Amino acid sequence: MATSSDHNLSNGSVPDLASLGAKYEDEKNKRLRPDGNSQYLDLELEAPPHLARLVEDPWVDHDALNAQEPSIRDGDDVKFLILGAGFCGLSYAARLIENGFKAEDIRLVDTLGGWGGTWYANRYPGLMCDSESYIYLPLLEETGYMPKNRYAYGEEIRLHAERIASHYNLADKGVFRTFMKSFTWDDEAKRWIVELVQSRGPKEQTLHMTVRGQFVVLANGVLNHPKTPKIENLEAYKGAMIHTARWRYDITGGSQADPKLTGLEGKKVGFIGTGATGVQCITALAKSAGHLYVFQRTPASVDERGQRETDPEEWAKISAEPGWWTKRNANFFDNIHGSSPDGNLVNDSWTTIKSYSVLVGQPDGHPVTMEGIPAHIGAAMVRDAPRTERLRKRVEDTVTKDKDTSENLKPWYPSWCKRPCFHDEYLPSFNRENVTLVQTPPSTGVQKATSKGLVVDGKEYELDVLVFGTGYRSPAADMSEPSKMCNTTIRGRDGMLLSDKWLAEGPTTMHASLTKGFPNLFLTGPAQAGASPCITFLFDIMARHAAELIAAATKRNADPDTVTLEATKEGEDEWVGSIVSRAAWFAPVSVCLPSYLNNEGSTMRDGDVGKTIKGAAYPLGMNLFSKALSDWRAEGKFQGVVIG
Ligand code: NDP
């Protein structure tokens, strides 16, 4: 990737803005491709036979689940049907229970075999959470749990999901390995009619059920449909393959608790992808593989981590005041936006990224006019340049084995363009004798396989095991249309498809939560919601909002079994207006190279830009998003919502 013209940008000083802008533009243009998202295979929807195994659930225990008393039966009528048994779904369930609803009236339905959502699915070696565990792990106050480390590892996070389920008496309210195939609103009955398809393993037949739900929550998460690049001739490859989203310890040896991957001793392992997943997994594989080939298209930006064990004395102080979790999260955002009178409580590398607000909004960001966009982008680049230069220097100082490797690991894009990574061992891995960085052409990446391995620039790399750390379907695809994000079909009043409404009008919600024509259906973003690198705070804000709203509506209605909530057109217009009027704040995203964040570069290129802009995040940042919702509830008028 490095060229001789880059030299004056690599001399350690902060480059001038014009050179930097030109370099960023050049790196972006090298990667933009006309096929956008279709360069990938969406493994759940279109995996050919040789890749189907990559998305099978390796953890599901069908025998144990089949032996349990069913948590749902054909014909059941359930008050709350929550799609998703991860932290989002659990946050909704918890807040509903705190608002007076009963655990027995809640079911959390998930295609996976247990609690935890992405933390159930992802168990790759090296897995951890890159946000501080004290703000990332939800319901810490309520469960009284002290995370073991400042940054929690994968297994601890998954077990925390199980802890929440037990704490709220939900342990037997999960409906696992079950796909919610369709939702149809029955206005007479005031119920969603939901078709469920439950896989029961190889020994039993698939179960088809139809159930009714008064309220439905789509707690589907944002990055959960694994993808791989389309690689020519991959069907001929004879070695083992793994996607990081479904790790196969039967191939690698070790376990989530045991990082020794004995099955990789002496083996040649290939890893495609250097995103947030790659940074963690590559570091772990480097310690076990005979030889690790890292196939990189775009390098990650990697800042320091600063992992440490939780000190119980410090924890006692952190968790002393009721409401501390919300306050700490709010403080984290204040510091991303600038500063807080309470100082910087989290005080980690995230809060040093002073340009990150162009991705997550800014409370005091005055509306950016069309004419003001270039200056706004320039100002963001100026704020960001010292950081990115420091990170390139960090690469240079750390990766000393080979000059080309060091140059190729330098990130040339602003901090907001790809998820910033934090790791203290990733870069040093490239000094190991058993690790080789293979820089693939930025315009294509890995393109071709043979029966023995991969081919890059005409050179064949023989591999025993090939790992895809190539990420997930972009949540921005189809303007984040909610039914598409769940692979389901949703028909509201008069048979209207949610996908038709969304694609015709563009994203249209009130509070990112309700949408007219779809009563009692609760959405969870990302369109028109607060944006966050630490998404559990958003889940909690939205869960409290929904739970308090449903509780208040239920009190007003003589018959709680038929209460309905639906956004009005005026309610939607006002909320959408508050998004669109300030959406130019996010214009700096236009300088970014392609990734899932900008729908592989097609966000502003294809389709109707006016509609796409409607799907922006709440532009004033998470804390004002939270305030907008709580102020509206406190007013008690429910303006913009019809309660039936
Ligand atoms: P990403 O989409 O971020 O990364 C995919 C990687 O695959 C990129 O490096 C991409 O390159 C590369 N790639 C794709 N196709 C090819 C190809 N043909 N040849 C070579 N390389 C290719 O997925 P991740 O799973 O890494 O991360 C997704 C998100 O999940 C993160 O951004 C984060 O939000 C979340 N996550 C969070 C963690 C946490 O700690 N909280 C940990 C891990 C993930 P290119 O960049 O050029 O497209």
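Since this is a predicted model, take the numbers as computed values, not measurements.

A.B. asks: Account for the state of the cysteines, naming residues and giving values.
C.D. replies: Under the counting rule described, the total for this entry stands at one disulfide. Each sulfur of the disulfide joining C417 and C592 lies 2.0 Å from the other. In this structure the cystine formed by C417 and C592 twists about its S-S bond by roughly -75°; its chirality is therefore left-handed. With C417 in the loop between α16 (403–408) and β13 (421–422) and C592 in the loop between α21 (569–580) and α22 (609–614), the pair connects residues that are 175 residues apart, well separated along the chain. A single burial state applies to C417 and to C592, both of which are buried.

A.B. asks: Could you give an account of unusual backbone geometry, naming the residues involved and the relevant values?
C.D. replies: Phi is mostly negative for residues that are not glycine, and the peptide bonds are mostly trans. G525 connects to P526 through a cis peptide bond whose omega is 10°. Of note in the backbone geometry, L139 takes a positive phi value of approximately 55° without being a glycine. Looking at the secondary structure, you find L139 in the loop between α7 (133–136) and α8 (140–143). The exposure class assigned to L139 is buried, which follows from its relative accessible area of 3%. Not every positive phi belongs to a glycine, and R177 is a case in point at roughly 45°. Looking at the secondary structure, you find R177 in the loop between β4 (174–175) and β5 (178–186).

A.B. asks: Before we move on, could you go through the sheet that holds strand β14 (residues 435–439) and cite the residues and values that matter?
C.D. replies: The parallel open sheet is built from five strands, whose spatial order is β9-β18-β10-β11-β14. Here the strands that pair on one side only, and so sit at the sheet edges, are β9 (240–243) and β14. Here the average twist between neighbouring strands, direction ignored, is 20°. Examined bridge by bridge, strand β10 (residues 268–272) and strand β11 (residues 291–296) share five bridges and lie parallel to one another. Counterpart to K268 in the pairing with β11 is H291. Sheet strands touched by helix α11 (residues 276–286): β10, β11, β14 and β18 (465–468). Its angle to β10, the strand with the most contacts, is close to 170°.

A.B. asks: Break down helix α23 (residues 622–635) for me, citing the residues and quoting the values.
C.D. replies: For α23, built from 14 residues, the straight-helix expectation of 20 Å at 1.5 Å per residue is met to within 8% by its first-to-last C-alpha distance of 20 Å. All buried positions along α23 are accounted for by M622, N623, F625, L629, W632 and R633. Contact partners of the buried residues in α23: α13 (324–337), α14 (357–360), α20 (536–556), α21 and β22 (641–643). Once α23 ends, the next one or two residues include G636, with phi positive near 75°.

A.B. asks: Quick rundown of the pattern of salt bridges? Include the residues and the values.
C.D. replies: Where charged atoms of side chains with opposite charge meet at close range, the side chains can pair. Tallying each qualifying case throughout the model produces 40 salt bridges. Across the pair R53 and E56 runs a salt bridge whose closest N-O atoms are separated by 3.2 Å. Looking at R53, the relative accessible area reads 44%, which means it is partly exposed. In this structure E56 comes out as partly exposed when scored by relative accessible area, which is 43%. Taken together, the salt bridges that share partners define one network made up of R95, E98, E142, D540 and R544.

A.B. asks: Now, about the site of the ligand: what can you tell me, with residues and values included?
C.D. replies: Of all residues adjacent to the ligand, which total 26 residues, the nearest are D130, T277, T298, K418 and Y596. Within the side chain of Y596, one N or O atom sits 2.5 Å away from an oxygen atom of the ligand. Protein contacts shield 90% of the accessible area of the ligand, which totals 920 Å² for the unbound molecule. For the shell around the ligand, the leading source of residues is α11, giving three residues.

A.B. asks: Could you give me a rundown of the nonpolar core, with the residues and numbers involved?
C.D. replies: Residues L170, L285, L292 and F625 are the most contacted members of the largest nonpolar core, which totals 135 residues. It is α20 that provides the largest number of residues to this core, a total of 12 residues. In contact with F625, other than residues within four places in its own chain, are H511, Q528, A529, G530, L538, I541, M542, W575 and Y618. In this structure, L196, V211, W502 and L521 belong to the second largest nonpolar core, which totals 25 residues.

A.B. asks: With reference to specific residues and values, describe the sheet that holds strand β15 (residues 448–449).
C.D. replies: Spatial ordering of the open sheet is given by β15-β16-β17, a layout of three strands whose pairing is antiparallel. With partners counted over all chains shown, the strands left at the sheet margins are β15 and β17 (459–462), one partner each. Sheet topology note: the strand β16 (residues 453–456)/β17 ladder contains four bridges and is antiparallel. Counted as the bridge partner of G453 is E462 from β17.

A.B. asks: Hey, could you go over helix α5 (residues 87–98) for me, with residue numbers and the actual values?
C.D. replies: Between its first and last C-alpha atoms α5 spans 16 Å; for 12 residues at 1.5 Å apiece the expected length is 16 Å, and the two agree. Burial analysis of α5 places 10 of its 12 residues in the buried class, which makes it a mostly covered element. Inspection of α5 places F87, C88, G89, L90, S91, Y92, A93, A94, R95 and L96 among the buried residues, and these make up the whole buried set.

A.B. asks: How would you sum up the environment of G75? Please name residues and give values.
C.D. replies: Position of G75 among the secondary structure elements: in the loop between α4 (62–67) and β2 (77–83). Residue classification places G75 among the exposed positions, given a relative accessible area of 55%. Discounting chain neighbours no more than four positions away, the residues touching G75 are T210 and V211.

A.B. asks: Could you give an account of the side chain of T515, with specific residues and numbers?
C.D. replies: Looking at the secondary structure, you find T515 in the loop between α19 (498–505) and β20 (521–522). With near-sequence residues (within four places) excluded, T515 lies in contact with L498, K501, T508, L523, A567 and E572.

A.B. asks: So what about the packing of aromatic side chains? Which residues, and what values?
C.D. replies: The full count for this structure, using the stated rule, is 22 aromatic pairs. Where F87 meets Y136, the ring centres are 6.0 Å apart and the plane angle is 70°; that geometry is what we call edge-to-face. Residue F87 is located in helix α5, and its partner Y136 is located in helix α7; the two are separated by 49 residues in the primary sequence. In this pair, the class of F87 matches that of Y136, namely buried. Here a set of aromatic residues connected by ring pairs shows up, and it is made of W325, F332, F333 and F537.

Cut-offs applied
- Think of each chain on its own: its residues are numbered from 1, step by step along the sequence as written.
- Under the rules for a predicted model, residues below a pLDDT of 70 receive no local features and side-chain atom pairs below 80 are neither given nor counted, while totals for whole chains, interfaces and linings still include all residues.
- Side-chain figures throughout are based on the complete set of non-hydrogen atoms in the structure, without hydrogens or water.
- The rule for a disulfide is simple: a pair of cysteine sulfur atoms within 2.5 Å.
- Secondary structure follows DSSP: runs of H or I at least 4 residues long count as helices, runs of E at least 2 residues long count as strands, and numbering of each begins at the N terminus.
- Classification of residues uses two cut-offs on accessible area relative to the type maximum, computed with a 1.4 Å probe and protein chains only: under 20% is buried, over 50% is exposed, and between them is partly exposed.
- By definition, two strands form a pair when at least two bridges between them are found by DSSP.
- Every angle, taken between N-to-C directions, lies between 0 and 180 degrees, and every axis is a line fitted to C-alpha atoms, over only the stretch in contact when it is a helix.
- We call two residues in contact when some of their heavy atoms are within 4.5 Å.
- Expected span, for any helix, means 1.5 Å times one less than how many residues it has.
- What counts as a salt bridge is simple: a side-chain nitrogen of Lys or Arg found within 4 Å of a carboxyl oxygen of Asp or Glu.
- Any residue with at least one heavy atom within 4 Å of a molecule or strand is counted as near it.
- What qualifies as a polar contact is a pair of N or O atoms within 3.5 Å, subject to a donor-acceptor requirement within protein and to the restriction that residues adjacent in sequence count only when both atoms come from side chains.
- Residue exposure ignores everything except the shown protein chains as possible cover, and the areas themselves are Shrake-Rupley values with a 1.4 Å probe.
- Remark: nonpolar core denotes a set of buried residues (Ala, Val, Leu, Ile, Met, Phe, Trp, Tyr, Cys) joined through side-chain atoms within 4.5 Å.
- Within 6.5 Å between ring centres, the rings of Phe, Tyr and Trp (the latter by its six-membered ring) count as paired, and their orientation is classed by plane angle as stacked under 30 degrees, edge-to-face over 60, tilted in between.

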